[in-house]
Amino acid sequence: MKVRLEAVRRTYGTVTALDDVTATFDAGTLTAIMGPSGSGKSTLLHCAAGLDRPTGGTVVIDGTDLGSLSEHGLTVLRRERIGFVFQAFNLVSALTAEQNVALPLRLAGRPAAPELVRGALARVGLADRAHHRPNGLSGGEQQRVAIARALITRPAVVFADEPTGQLDTQTSRQVLGMLRALVDDHGQTMIMVTHDPVTASCADRVIFLEDGRVVDELTAPLTAEAVAARMAAAC
Ligand SMILES: Nc1ncnc2c1ncn2[C@@H]1O[C@H](COP(=O)(O)OP(=O)(O)OP(=O)(O)O)[C@@H](O)[C@H]1O
Ligand SMILES: [Mg+2]
């Protein structure tokens with residue numbers, strides 16, 4: 001088990017974004033998180049990834065209780081054990097693909113060996129784009145650079161918030177196939193938020209949130225039709 005959430009709560013003033021969420025994410029699995037806008041998906045991801053502190057409950061990653069860590073300890077854990085892929089690629093426009101990928105290592109004061117950086121780019125099929133800046137790359141290529149950057153520290157778990165949200169259908173399928181391959185071929189643990197039933201159907205499990213609560217889950221074998229039917233049932 002890589003990630004465990006136990007009765008995780010997050011309130012913002014009078015708004016309860018997460019209402020006692022308990023969930024386990026096993027190593028080497030891909031989990032999709034779905035639910036209506038405002039149901040708490042991003043909040044769950046941010047709390048699970050140590051980007052936000054829950055108001056209550058515990059998050060354990062790889063045996064470490066995030067609540068027991070100081071701010072510094074949390075920063076170090078995030079840098080070294082967690083990868084995060086955002087919907088908007090969040091690349092630094094002045095840096096090349098290679099420099100963007102090397103950034104987490106530099107921030108951690110670790111050597112960014114060229115072969116390591118090249119290897120991460122090669123794993124996302126971008127070995128020949130190392131010297132391009134983001135504005136010289138397609139949307140799918142930029143997202144793949146962002147994924148390579150999330151993987152460079154060999155994180156225990158990768159969190160992705162709508163990683164294909166800004167991509168056209170074909171590019172989104174390519175990026176998704178790549179994420180799936182990272183789970184299947186490299187045993188990567190991955191948790192991703194998506195609105196798309198086809199994307200969700202590539203996961204091993206889909207968790208449905210409503211009003212900050214887990215209301216249902218589907219497990220593989222999944223079809224886009226079954227996921228869409230469950231989404232429709234919620235309306
Ligand atoms: N920083 C914040 N301050 C106040 N309220 C917040 C904050 N972040 C989230 N919320 C509220 O918490 C609830 C859950 O938000 P969250 O962003 O997790 O939803 P979501 O499921 O990711 O939605 P979407 O699909 O639109 O991205 C919403 O009611 C939102 O308004
Ligand atoms: Mg969100």
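Going by the structure above, here's the rest.
Scoring rules and cut-offs
Residues numbered from 1 in each chain as written. Chains lettered and ligands numbered in written order. Predicted model: local features only at pLDDT ≥ 70, side-chain atom pairs only at ≥ 80, totals over all residues. Heavy atoms only, no water. Pairing = 2+ DSSP bridges. Helix = DSSP H or I, 4+ residues; strand = E, 2+ residues; numbered from the N terminus. Near = heavy atom within 4 Å. Polar contact = N/O pair within 3.5 Å; in protein donor to acceptor, adjacent residues only side chain to side chain. Areas by Shrake-Rupley, 256 points an atom, 1.4 Å probe, with all protein chains shown as cover. Axes fitted to C-alpha atoms, helices over the stretch in contact; angles between N-to-C directions. Contact = heavy atoms within 4.5 Å. 1 Å grid on protein atoms, 1.4 Å probe; cavity = no way out; pocket = protein on both sides within 12 Å on 5 of 7 lines; lining within 4 Å. Points joined across faces, edges and corners; volume = space filled by probe spheres on them. Nonpolar A, V, L, I, M, F, W, Y, C, P; charged D, E, K, R; others polar. Core = buried A, V, L, I, M, F, W, Y, C linked by side-chain atoms within 4.5 Å. Buried < 20%, exposed > 50% of the residue type's maximum accessible area, 1.4 Å probe, protein only. Phe/Tyr/Trp six-rings, centres within 6.5 Å; stacked < 30°, edge-to-face > 60°. Lys NZ or Arg CZ within 6 Å of the ring centre and 35° of its normal. Parallel < 35°, antiparallel > 145°, perpendicular 65-115°, else oblique. Left-handed = near helix turned anticlockwise from the far one by under 90°.

## Examining the sheet that holds strand S1 (residues 3-12)
Within a sheet, each strand pairs with its neighbour through backbone hydrogen bonds, oriented either parallel or antiparallel.
Then, number 1: Spatially, the 4 strands line up as an open sheet ordered S2-S1-S4-S5, and their pairing is antiparallel. Only two strands of the sheet have a single partner each, and these edge strands are strand S2 (15-25) and strand S5 (64-65).

## Topic: the site of ligand 1
Then, number 1: In the vicinity of ligand 1, the contacting residues are Tyr-12, Val-15, Ala-17, Pro-36, Ser-37, Gly-38, Ser-39, Gly-40, Lys-41, Ser-42, Thr-43 and His-195.
Then, number 2: Residue Ser-39 places a main-chain N or O atom 3.2 Å away from an oxygen atom belonging to ligand 1.
Then, number 3: Gly-40 places a main-chain nitrogen or oxygen 3.0 Å from an oxygen atom of ligand 1.
Then, number 4: Considering ligand 1 on its own, with 640 Å² of exposed area, one finds that the protein chains cover 58% of that surface.

## Notes on the pairing of S1
Then, number 1: By the bridge criterion, 7 bridges tie S1 to S2 in an arrangement that is antiparallel. Within S2, the position partnered with Val-3 by the bridge is Phe-25.
Then, number 2: Remark: 2 residues form the turn of the hairpin made by S1 and S2, two consecutive strands paired antiparallel; Gly-13 in that turn has positive phi of roughly 60 degrees.
Then, number 3: With 5 bridges joining them, S1 and strand S4 (residues 56-61) adopt antiparallel strand pairing.

## What to know about the sheet that holds strand S10 (residues 213-219)
Then, number 1: An order of S6-S7-S8-S3-S9-S10 is seen for the 6 strands of this open sheet, with the pairing classed as mixed. A strand with exactly one partner marks an edge of an open sheet, and here the two such strands are strand S6 (82-85) and S10. Each strand of the sheet is rotated relative to its neighbour by a mean of 20 degrees, with strand direction disregarded.
Then, number 2: Pairing geometry for strand S3 (residues 30-34) and strand S9 (residues 205-210), over 4 bridges, is parallel. Within the sheet, the bridge partner assigned to Ala-32 lies in S9 and is Val-206.
Then, number 3: Against the sheet, helix H2 (residues 71-81) makes contact with S6 and strand S7 (157-161), and its axis sits at roughly 75 degrees relative to S6, the strand it touches most.

## Here we look at the layout of surface pockets
Then, number 1: Approximately 450 Å³ is the volume found for the largest pocket.
Then, number 2: As for the largest pocket, its lining consists of 15 residues, of which Arg-78, Arg-79, Ile-82, Phe-84 and Pro-104 are closest to the centre.
Then, number 3: By residue class, the composition of the lining of the largest pocket is 8 nonpolar, 4 polar and 3 charged.

## Brief notes about the nonpolar core
Then, number 1: Ranked by internal contacts, the top residues of the largest apolar core, which has 42 residues, are Val-101, Leu-121, Val-145, Ile-147, Leu-179 and Val-206.
Then, number 2: Going through the elements one at a time, S3, helix H3 (97-107), helix H4 (114-123), helix H5 (139-151), S7, helix H6 (169-186), strand S8 (189-193) and S9 are the ones with two or more residues in this core.
Then, number 3: With residues up to four places along the chain from it excluded, the contact list for Val-101 reads Val-117, Ala-120, Leu-121, Val-145, Ala-148, Arg-149 and Ile-152.
Then, number 4: Of all hydrophobic cores here, the second largest spans 26 residues; its members include Leu-45, Ala-49, Val-59 and Phe-84.

## Comments concerning the packing of aromatic side chains
Then, number 1: Under the definition given, this model contains 2 aromatic pairs.
Then, number 2: Among the aromatic residues, those joined into a cluster by ring pairs are Phe-84, Phe-86 and Phe-159.
Then, number 3: The ring of Phe-208 has Arg-230 sitting right over it, with the charged end atom 4.9 Å from the ring centre.

## Observations regarding the packing of H3 against H5
Then, number 1: At a minimum axis separation of 7 Å, H3 and H5 run at an interaxial angle of 30 degrees. The angle between H3 and H5 places the two elements in the roughly parallel class. When you trace H3 past H5, the crossing you get is right-handed. Every residue of H5 that contacts H3 at Ala-97, Asn-100, Val-101 and Pro-104 is listed here: Val-145, Ala-148 and Arg-149.
Then, number 2: Of the residues assigned to the contact of H3 with H5, the class counts are 5 nonpolar, 1 polar and 1 charged.

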